[in-house]
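Fold and geometry: a report
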Amino acid sequence: RRLLLLGEGNFSFSAALCGAQGTHVVATCYESEEEATGRAGAARSIRRLRDRGAEVLFSVDCTKLKEHFLPGEREFDRIYFNFPHCGRKAGVVKNRQLLARFFHSCTEVLAQEGDIHVALCNGQGGTPADQPRREWHNSWQIVAVAAGAGFILSEIHPFKAETVDGYKCTGYRSQDKSFCVEGALNHIFTRSTAPLCSTPVSCKTQLGSQKVSFQVPQVLVDKMNRGFLEENSNHPVRTITEKLSAGLSQVFPLQNISSCLPLLHQGHPNGVCHSNIFWVSLSPGEAPSTEEMSQELANTALFSHFGQDTDQNVQEGCPIPKQFYLRPSLLPHAQAIIKKRAFSPGTLQVLSGPVFRKCRITPHSMPVFHEMLVVLAVSRGTENSCIQMLVDNIQTTMNSLHQGVSGVKPSISLQEATSLGAELNDFAALERQLGEIQHFLCVGTEPDPSGSCVGVIRTAPDELKSHELVVVSASLNLDLLAMLLCGISDWRMLWTLDRRFLRQFPEGELRLFESFSLYPPSYVHDVSFWVPDGEEFDEVAFHTLARRVSAETVVSIQLRDNFQQPGTGRRSLCYRVTFLSCDRALGCQEAADMQLHFRQEIQQHLGVTLR
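Residues numbered from 1 in each chain as written. Predicted model: local features only at pLDDT ≥ 70, side-chain atom pairs only at ≥ 80, totals over all residues. Heavy atoms only, no water.

If you check an unreviewed UniProt entry, the chain appears there as phenylalanine--tRNA ligase from Leucopsar rothschildi. The annotation that UniProt attaches to the chain under Sequence similarities (unreviewed entry) is "Belongs to the class-II aminoacyl-tRNA synthetase family." Per UniProt, the chain has the following entry under Subcellular location (unreviewed entry): "Mitochondrion matrix". (UniProt positions renumbered as here; feature names shortened; annotations may be inferred.)

Structure, rendered in structure tokens:
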């Protein structure tokens, strides 16, 4: 491993590191050799370094590292910069600028999997780890500064000078004097994944009997065909799916029919609000024939109520609509199976796969998530006991999964659909659009035992047109379950492209997730505008535009003001938009550029007049 040390004062830190097996040390300082060797103990440390095969370089500018190393010598596995400072009485602004130029310089000499260690005195960094914590404007804002160069803070721990043999800090106000390092912190930065590419992406899928291509909505380009549920996946969503299926198979005969479910539906979805639908266009010349469209529409039409189909247009020979949209639920596929009676009573039908719904921005609201739908036809009068068996089985599986995660058992409760009102999360609210619900399935963990809705249960006594059988279905949001079990606070982390996420779940083992991006910086911007006269403002479309423009880095949108102008009646809205990325570096300038683009997009697509 090649180690680069910058800004050394008396080289005592470098000398302590030198000699470790398998490492090559390059120790540098900003001063000339004559100035550096004049410091107490420096000459002795330099001799020790050279005797052990280390390189010692002088007059090295940490903001221009590329200039000091030949192309073949620029791959450092670790860079140390202990207590950087511009010198003398330089204030926080100048030191922030120094760090910004330093991090940008590191991008040219740091190995792809390398890390950067920056030690700062107590309070300087501006993170919650500093005790006491300074006001943000009075700190060096190290995480935000590093983010501007594409680095994230992955670890932070006390800088223990006493554990470094022979180390003595020096350089107080550019003098050969020591300074207080009590409470100092070592900040460890790593490279972030690159920002998402905005290039349009096409996706192939089966529709009827033919393969078709469609352009993926920009907000979903990094979420299509991710393969979380495939056999070789170790994603926690797959682990939960497999464990739930295995548990249910102990109680019911089970048939998995997930492999042949089309991504696209066509026609006009009933029940689901159109503003919650991702509409797509097929590539030119790829639309199925009218006969195929009629059959597909009949098979996958959404129902306004579970058990009541709305494909009258097909039956009555009306023109077939040519709209296509990404499936917002697996429920229509289950209903098609039931209509064809392609099942055995008492056998549990299991469907699972990603579904797509436009929604508002919250930490638990997902434009795409993995749904697990189980459907069972049972004898009339036994449906309540079957529901309880399903819930008990899910509880047992959840408990066994949670034991390996944190020891705090989740509590699962059935709540009557009429008992949940304003506290419905977006998942439950959108499920209500799909049809009547009898029960909500809620999972709670300490300190919130009341729980979050992760599933819904429906019964459809008329679906089979039988006096003897009743259909029971349970829909589970697997992504929400994964978040609750693994302690993941933000749904976006489940979809990160950073390989460090999946490394925490080897061979499908569930563990308590530890974030690899600590204290990510947030940036707050306000936007206000006049809404078109006489029109209802579409907040879901507003949030969806924010998702697309920011590549999912908008974490919160809050209405700050709703003003109606006296006399004219014109209405103005003001929203506060907060940018924050949970898994990649997001710099101040990048967030500002996104906000400017967002303003342009809402003016163009929503017809508002900016203020």
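**With respect to the side chain of Ser517**
Positionally, Ser517 belongs in the loop between α13 (499–502) and β20 (523–530). In contact with Ser517, other than residues within four places in its own chain, are Ile152, Leu153, Cys582 and Asp583. (Helix = DSSP H or I, 4+ residues; strand = E, 2+ residues; numbered from the N terminus. Contact = heavy atoms within 4.5 Å.)

**Remarks on the state of the cysteines**
Applying the stated rule across the entire model yields zero disulfides. For Cys106, which is in no disulfide, the shortest distance to another cysteine sulfur is to Cys62 and amounts to 7.9 Å. With a relative accessible area of 0%, Cys106 lands in the buried category. With no disulfide of its own, Cys453 has Cys442 as its nearest cysteine by sulfur position, at a separation of 4.9 Å. (Disulfide = S-S within 2.5 Å. Buried < 20%, exposed > 50% of the residue type's maximum accessible area, 1.4 Å probe, protein only.)

**Points about the packing of aromatic side chains**
If you walk through the whole model with that rule in mind, you get 25 aromatic pairs. With a centroid separation of 5.8 Å and 75 degrees between ring planes, the pair formed by Phe159 and Tyr167 is classed as edge-to-face. Phe159 sits in the buried class, given a relative accessible area of 11%. Taken together, a centroid distance of 6.1 Å and an interplanar angle of 20 degrees make the contact between Phe529 and Tyr575 stacked. (Phe/Tyr/Trp six-rings, centres within 6.5 Å; stacked < 30°, edge-to-face > 60°.)

**Some points on the sheet that holds strand β11 (residues 264–266)**
Ordered in space as β11-β13-β12, the three strands form an open sheet in which the pairing is antiparallel. Single-partner strands in this sheet number two, and they are β11 and β12 (279–280). As paired elements, β11 and strand β13 (residues 324–326) share three bridges and run antiparallel to each other. Each residue of the ladder has a partner; that of Gln266, found in β13, is Phe324. (Pairing = 2+ DSSP bridges.)

**Some thoughts on the nonpolar core**
Core analysis: the largest hydrophobic core is formed by 94 residues, its most contacted members being Phe214, Ile240 and Leu326. If near-sequence neighbours (up to four positions away) are discounted, Phe214 is found in contact with Val201, Ser202, Cys203, Thr205, Met224, Leu264, Val280, Ser281, Leu282, Ser283 and Leu326. Listed in part, the 30 residues of the second largest apolar core include Phe69, Ile142, Val143 and Ala149. (Core = buried A, V, L, I, M, F, W, Y, C linked by side-chain atoms within 4.5 Å.)

**Details of the sheet that holds strand β23 (residues 609–610)**
Paired through backbone hydrogen bonds, the strands of a sheet run either parallel or antiparallel to each other. Spatial strand order, β21-β22-β20-β23: four strands in an open sheet with antiparallel pairing. Looking along the sheet, the strands with just one partner apiece sit at the ends: β21 (554–564) and β23. Where β20 meets β23, two bridges bridge the pair, whose relative direction is antiparallel. Looking at the pairing, Trp530 lines up with Thr609 of β23. This element, helix α14 (residues 539–550), spans β20, β21 and β22 (571–579) of the sheet and lies at about 140 degrees to β21. Here helix α15 (residues 588–606) sits on the sheet in contact with β20, β22 and β23, set at roughly 15 degrees to β20. (Axes fitted to C-alpha atoms, helices over the stretch in contact; angles between N-to-C directions.)

**Here we look at the environment of Ser365**
Along the chain, Ser365 turns up in the loop between β14 (348–356) and β15 (368–379). Sequence-wise, Ser365 and Leu480 are 115 residues apart; in three dimensions their C-alpha atoms are separated by 9.3 Å. Excluding residues within four positions of it along the chain, Ser365 makes contact with Cys359, Arg360, Asp426, Trp491 and Arg547.

**Section: unusual backbone geometry**
The omega torsion across Gln131 and Pro132 is -5 degrees, close enough to zero to call that bond cis. Summarising the element assignment, Pro132 is placed in the loop between β5 (110–120) and α5 (142–147). One non-glycine residue, Gln141, adopts positive backbone phi at about 50 degrees. Along the polypeptide, Gln141 turns up in the loop between β5 and α5. Overall, the relative accessible area of 14% leaves Gln141 in the buried class. Here the phi dihedral of Asn225 falls at roughly 55 degrees; this positive angle occurs in a residue that is not glycine. Topologically, Asn225 is positioned in the loop between β9 (210–215) and α6 (236–249). Among the residues examined, Asn225 registers a relative accessible area of 61% and is labelled exposed.

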